[in-house]
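Structural characterization, general
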Amino acid sequence: MGAIDFRFRPVGTQSITRELTWEYLRKMRLDPAPSFEQQDINLMFQEMDEAGIDLGVIGVPAPTDKPGFVSSANETIAEMVQRYPDRFVGFGCLDTSDPDAALEEIDHVLELGFVGITLEPSTARVSRRVDDRALYPIYEAAQERGLLVLTVMSCLLGPYLDDCHPESLDHVATDFPDLTLIVQHGAWPYSREAVGLAYKQPNVYIVPGQYVHYEFPGSEDYVKAANRQLSDQMLFGSVYPNCGPLSEVMSIVDELGFVSEEVKQKYLHVNARRLLGL
């Protein structure tokens, strides 16, 4: 079976501007995927096939005033999933600037066929931390409905570095033990704290993305955890289009140092298929 990419923004959706994507690629010293350069969705599918990626998981932030960050409407994501149901799974974004309105939006998310919700409170127009008590009714509703919750935590969000410290998510995981929480960007640079959180909390999953693929300091923490303590809680995410060509990403995965083929396959797709009920 092919990989499931748990951090994927296909051509036609956005979470950041093209200009900011180019800047991130420059900082990581990466060439872009040709499909991103050409904004060609058919070429993107070809690149996915060549890399052995079966399915992309789409999740984007709600409207934000953070420079360089943009959003795609839930209807846009739903249309993409409906048009290509064999290639994409969608998460609906909720605007945590208005927690009451976000709570009301959950039923619409279900109507659109999404499997979960994306919350990025630190980049919202009213910035909050992920454990802000104003968000607890949203977590409770998601837990009751069996929705997965996707959040993004890293130094790239903010406004403050410690907004991405895993301790804040520990509070949510403890208070909602039946809620599945998926952390994209692996809470970097707090890589060791992130794996410690997931080791403590079986309802927390980590998508380290570029922070494990491109030799960021601390990347070995994610690999070591996947090899032993967290083999069932680590998920692959290319971070397309903020990555090199997809086939190159898969070649990097082959060389990360997974202790066995079984562990690598859990990372690439087995864990994701279990989470998504595939």
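Small disclaimer: the values here were computed from a predicted structure and weren't measured. (Residues numbered from 1 in each chain as written. Predicted model: local features only at pLDDT ≥ 70, side-chain atom pairs only at ≥ 80, totals over all residues. Heavy atoms only, no water.)

**Side note on the packing of helix α11 (residues 246-254) against helix α12 (residues 261-276)**
The geometry of a pair of packed helices is captured by two quantities: the angle between their axes and the separation between those axes. Formally: Each axis is a line fitted through C-alpha atoms, and for a helix only the stretch in contact is used; angles between axes span 0 to 180 degrees, taken between their N-to-C directions. Counting from the N terminus, the helices are DSSP H or I runs at least four residues long and the strands are E runs at least two residues long. In this analysis, two residues are considered to be in contact whenever any of their non-hydrogen atoms come within 4.5 Å of each other. Here the nonpolar group is Ala, Val, Leu, Ile, Met, Phe, Trp, Tyr, Cys and Pro; Asp, Glu, Lys and Arg are the charged ones; every other residue, Gly included, is treated as polar.
Their axes nearest at 11 Å, the elements α11 and α12 cross at an angle of 145°. On α12, the residues touching M250, V253 and D254 of α11 are K264, Y267 and L268. Taken together, the residues of the contact of α11 with α12 sort by class into four nonpolar, no polar and two charged.

**A few points about empty space enclosed by the protein**
Spelled out, the test is: Each cavity reported here is a set of points on a 1 Å grid over the protein atoms alone in which a 1.4 Å probe fits but cannot get out, each pocket an open set with protein on both sides within 12 Å along at least five of seven lines, and each lining residue one with an atom within 4 Å of a point. Grid points are joined across faces, edges and corners, and a volume is the space filled by probe spheres set on the points.
For the structure on display, the rule yields three cavities of 30 Å³ or more. When its volume is computed, the largest cavity comes out at roughly 120 Å³. Lining the largest cavity are 14 residues, with R7, S15, I16, F69 and H185 sitting closest to its centre. Along the lines of polarity and charge, the residues of the lining of the largest cavity split into seven nonpolar, four polar and three charged. What the second largest cavity holds in volume is close to 60 Å³. In this structure, the second largest cavity is lined by E120, P121, S122, R128, R129, V130, T151, V152, M153 and D163. Looking at the lining of the second largest cavity residue by residue, the classes come out as four nonpolar, two polar and four charged.

**Section: unusual backbone geometry**
A negative phi angle characterises most non-glycine residues, just as the trans form characterises most peptide bonds. Cis geometry is found at the peptide bond from W188 to P189, where omega equals 15°. With respect to the helices and strands, the residue P189 is situated in the loop between β6 (181-188) and α8 (191-200). Here the residue pair Y240 and P241 is connected by a cis peptide bond, since its omega of 10° sits within 30 degrees of zero. Considering the arrangement of structural elements, one finds P241 in the loop between α10 (219-227) and α11. The backbone phi angle of H185 is positive, close to 70°, even though this residue is not glycine. Here H185 lies in strand β6.

**A closer look at the side chain of T96**
Examined against the element boundaries, T96 turns out to sit in the loop between β3 (88-93) and α5 (99-111). Contacts of T96, omitting those with residues within four sequence positions, involve L119, E120, P121, A124, R128 and L135.

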